[in-house]
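Breakdown of the fold
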Amino acid sequence: MKIKKGFILREMSKEEGISVVVAVGENAQKLNGYLTLNESGALIWKTLSKGASVDEVVKVLLDEYDAPEDLIRNDVLQVIEKLREIGAIDD
């Protein structure tokens, strides 16, 4: 799984852990506006941009956060679904 070209992540507030995904070029027609991600959402994005699988993303978040695996997996799947909705993921 990988983030498609034409979608970029920009950090908006380091203190608050807020980042946004914006589309550029032809993809701007698919995403009217931007998608806001919190700190864990941005980590999911960065991990996916390296071509990671769902299991690999879950492992990265398990290493970073003290939370149950089922909760982290659910959050990862929700973010991936949202990224699919805006056309930002290549499976």
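For the structure itself, consult the block above.
**A closer look at the sheet that holds strand β3 (residues 18-23)**
Judged by pairing direction, the sheet is antiparallel, and its three strands sit side by side in the order β2-β3-β4 without closing on themselves. A single partner strand is all that each edge strand has here, and the edge strands are β2 (7-13) and β4 (35-37). Direction aside, neighbouring strands of the sheet carry axes that sit 30° apart on average. Here β2 runs beside β3; their pairing, made up of six bridges, is antiparallel. The residue of β3 that forms the bridge with Leu 9 is Val 21. The sheet contacts of helix α1 (residues 39-48) involve β2, β3 and β4, and relative to β2 the element is tilted by about 150°.

**Looking at the side chain of Ser 19**
Considering the arrangement of structural elements, one finds Ser 19 in strand β3. For Ser 19, a relative accessible area of 6% translates into the label buried. Those residues within four positions of Ser 19 in sequence are excluded, and the remaining contacts are Leu 9, Arg 10, Glu 11, Met 12, Leu 35, Thr 36, Leu 37 and Ala 42.

**Let's talk about the pattern of salt bridges**
According to the stated counting rule, one finds four salt bridges in the structure shown. In this structure, Lys 82 engages Glu 85 in a salt bridge whose closest nitrogen and oxygen atoms are separated by 3.4 Å. With Lys 82 and Glu 85 both in helix α3 (residues 69-85) and three residues apart, this pair spans about one turn of that helix. Residue classification places Lys 82 among the partly exposed positions, given a relative accessible area of 36%. Assessed through its relative accessible area of 52%, Glu 85 is described here as exposed. Through salt bridges with shared partners, a single ionic network connects Asp 55, Glu 69 and Arg 73.

**A look at the pairing of β3**
The turn linking β2 back onto β3 is made up of four residues, and Gly 17 within it adopts a positive phi angle of 70°. As judged from the three bridges shared by β3 and β4, these two strands associate in the antiparallel manner. Bridged to Ser 19 within β4 is Leu 37.

Cut-off values and rules
- Starting afresh in each chain, residues are numbered from 1 along the sequence in its written order.
- Whole-chain, interface and lining totals are the exception, using all residues; otherwise, since this is a predicted model, local features are given only for residues with pLDDT of at least 70 and side-chain atom pairs are given and counted only at 80 or more.
- Computation of side-chain values: all heavy atoms of the structure, hydrogens and water removed.
- Criterion used throughout: strands pair if DSSP finds at least two bridges between them.
- Each helix is a run of DSSP H or I of at least 4 residues and each strand a run of E of at least 2, with the numbering of both proceeding from the N terminus.
- Every angle, taken between N-to-C directions, lies between 0 and 180 degrees, and every axis is a line fitted to C-alpha atoms, over only the stretch in contact when it is a helix.
- The contact criterion used throughout is that any non-hydrogen atoms of two residues lie within 4.5 Å.
- Throughout this description, buried means an accessible area under 20% of the type-specific maximum (1.4 Å probe, protein chains only), exposed means over 50%, and partly exposed covers the range between.
- When a carboxyl oxygen of Asp or Glu lies within 4 Å of a side-chain nitrogen of Lys or Arg, that pair is called a salt bridge.

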